[in-house]
Amino acid sequence: MRYEEFTIEGRNAVIEAFRSGKTIDKLFVLDGCHDGPVQTILREAKKHDTIVSFVKKDRLDNMSQTGKHQGVIAYAAAYEYALVEDILENAKNKGEDPFIILLDHIEDPHNLGAIIRTANLAGAHGIIIPKRRAVSLTATVAKASAGAINYTPVARVNNLSDTIKKLKDEGIWFVCADMDGEIMYRQNLKGPIGLVIGNEGEGVSRLVRENCDFTTSIPMKGDIDSLNASVAAGILAFEIVRQRMQ
Ligand SMILES: C[S@@+](CC[C@H](N)C(=O)[O-])C[C@H]1O[C@@H](n2cnc3c(N)ncnc32)[C@H](O)[C@@H]1O
């Protein structure tokens, strides 16, 4: 398993873990503990959308692996992110044109997990997500991915547009998934490709879209404005698979 959890115990260690950007899935705090450092930890937890449970001392003592929890135990993800270069290497090792899915600030862990699952089964060589304002690899994501998180590399980057520009230099074409593009059946989605899926509420951001080579749409017949991001990723990923098989 590439995804597992470990505990971080003690106030300074937990504050440091939050500040260094580590993914904390769950936080357990001693019931009734409200001093300064604990307040700082709770503020960090709120900022990072971490689930907090207030528990009795016996429970914390039971969970503790060090016996020095100081009223605070965090469960952190020990998931190792890949590098963008690893994704390219993955494609090269398989002798295939790179097929990468880029997620422009997906926030829902179930969507990210479902996309990793789909990416794996569609033979995508990896997924790229931004470091900030997006869900990272949490226990919920791992569960929703049905184990695919252990096989499909996920890279985190500071800036999606910069990454797209660099990958274009490697000969990859970028297709922005949006409701206002050319119908996917009429487009050539073969060759080295990066598929960009937008945020659940905002869609693909202007800058990222401007850096894409073209926009593609899944035809819609109904009454509402868009498909769920993970559903759209699935449909487009398998259109790419279909075209690659021809
Ligand atoms: C829930 S939608 C975002 C809707 C958002 N209100 C907007 O206006 O962009 C999330 C993402 O799924 C993809 N998507 C949804 N429906 C699509 C469609 N019919 N064709 C192509 N992509 C679609 C797009 O990448 C979109 O940014």
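Keep in mind that this is a model prediction, so the values were computed, not measured. (Residues numbered from 1 in each chain as written. Predicted model: local features only at pLDDT ≥ 70, side-chain atom pairs only at ≥ 80, totals over all residues. Heavy atoms only, no water.)

**Things to note about the nonpolar core**
Among soluble globular proteins, nonpolar side chains are generally buried collectively. The line we're drawing: Definition used in this section: a nonpolar core is a set of buried Ala, Val, Leu, Ile, Met, Phe, Trp, Tyr and Cys residues joined via side-chain atoms within 4.5 Å. Each residue is assigned to one of three classes by its accessible area relative to the maximum for its type, calculated with a 1.4 Å probe on protein chains only: buried under 20%, partly exposed between the two thresholds, exposed over 50%. Strands are runs of DSSP state E lasting at least 2 residues, helices are runs of H or I lasting at least 4, and numbering of each runs from the N terminus.
Counting 35 residues, the largest nonpolar core has Ile101, Leu103, Leu112, Ile116, Ile127 and Ile197 as its most contacted members. Looking at this core, the elements that each hand over two or more residues are β5 (99–104), α5 (109–121), β6 (126–130), α6 (139–144), β8 (173–183), β9 (193–198) and α9 (229–245). Sort the elements by how many residues they give to this core and α9 lands first, with 7 residues. Leu160, Leu167, Val204 and Cys212 belong to the second largest nonpolar core, which has 17 residues in total.

**Thoughts on the domain arrangement of the protein chain**
Applicable threshold: By convention here, the domain bounds are inherited from an automatic or database domain assignment.
If you check the domain split of the protein chain, you get domain 1 (4–76) and domain 2 (84–245). Once you take the C-alpha centre of each, domain 1 and domain 2 turn out to be 34 Å apart.

**Quick word on the side chain of Thr216**
Quick reminder of the rule: In protein, a polar contact requires one atom able to donate a hydrogen and another able to accept it; more generally it is a pair of N or O atoms within 3.5 Å, and residues adjacent in sequence count only if both atoms are side-chain atoms. Contacts: residue pairs with any heavy atoms within 4.5 Å of one another.
Topologically, Thr216 is positioned in strand β10 (residues 214–217). At 2.5 Å, the side chain of Thr216 and the side chain of Gln187 are in polar contact. Not counting residues within four places of it along the chain, the set of residues in contact with Thr216 comprises Val175, Cys176, Ala177, Asp178, Gly181, Glu182, Ile183, Met184, Gln187 and Leu236.

**Brief notes about the site of the ligand**
Definition in use: Near is defined per residue: the residue qualifies when any heavy atom it owns lies within 4 Å of the molecule or strand. Note on areas: these come from Shrake-Rupley sampling with a 1.4 Å probe, and a residue is covered only by the protein chains present in the view. Only Asp, Glu, Lys and Arg are considered charged, only Ala, Val, Leu, Ile, Met, Phe, Trp, Tyr, Cys and Pro nonpolar, and every remaining residue, Gly among them, polar.
Close to the ligand lie 18 residues, the nearest being Ala177, Gly198, Gly201, Ile218 and Leu227. Here a nitrogen atom of the ligand sits 3.1 Å away from a polar atom, N or O, in the main chain of Gly201. Within the backbone of Ile218, a nitrogen or oxygen atom sits 2.9 Å from a nitrogen atom of the ligand. Relative to its unbound accessible surface of 560 Å², the ligand loses 88% to contact with the protein. Per-element tally for the shell around the ligand: the top contributor is β8, with 3 residues. Its residues assigned to classes, the shell around the ligand comprises 9 nonpolar, 7 polar and 2 charged.

**So, the pairing of β8**
To keep it simple, the criterion reads: Any two strands with at least two DSSP bridges between them are considered paired.
Bridging between β8 and β9 involves 4 bridges; their strand directions are parallel. Bridge pairing in β9 links Val175 to Leu195. Bridge analysis of β8 against β10 gives 5 bridges, and the strand direction is parallel. Each bridged residue has a counterpart across the sheet, and for Ile183 the counterpart in β10 is Ser217.

**Comments concerning the pattern of salt bridges**
Short version of the rule: Should a side-chain nitrogen of Lys or Arg be within 4 Å of a carboxyl oxygen of Asp or Glu, the pair is scored as a salt bridge.
Within the structure shown, the criterion is met by 10 salt bridges. Linking Arg206 and Glu210 is a salt bridge whose minimum nitrogen-to-oxygen distance equals 3.1 Å. Residue Arg206 and its partner Glu210 are located together in helix α8 (residues 206–211), separated by 4 residues, close to a single helical turn. For the pair Arg206 and Glu210, a shared accessibility class is recorded, and that class is exposed. Of the charged contacts, one joins Arg242 and Glu239 as a salt bridge, the two residues approaching to 2.7 Å between their closest N and O atoms.

**Some remarks on the UniProt feature "domain: RNA 2-O ribose methyltransferase substrate binding" (unreviewed entry) in the protein chain**
Operational definition: UniProt positions are given in the numbering used here, feature names are shortened, and annotations may be inferred rather than shown by experiment.
Mapped onto the present numbering, the UniProt feature "domain: RNA 2-O ribose methyltransferase substrate binding" (unreviewed entry) falls on residues 7–82. Across residues 7–82, the secondary structure splits into 37% helix and 28% strand, with the terminal C-alpha atoms separated by 22 Å.

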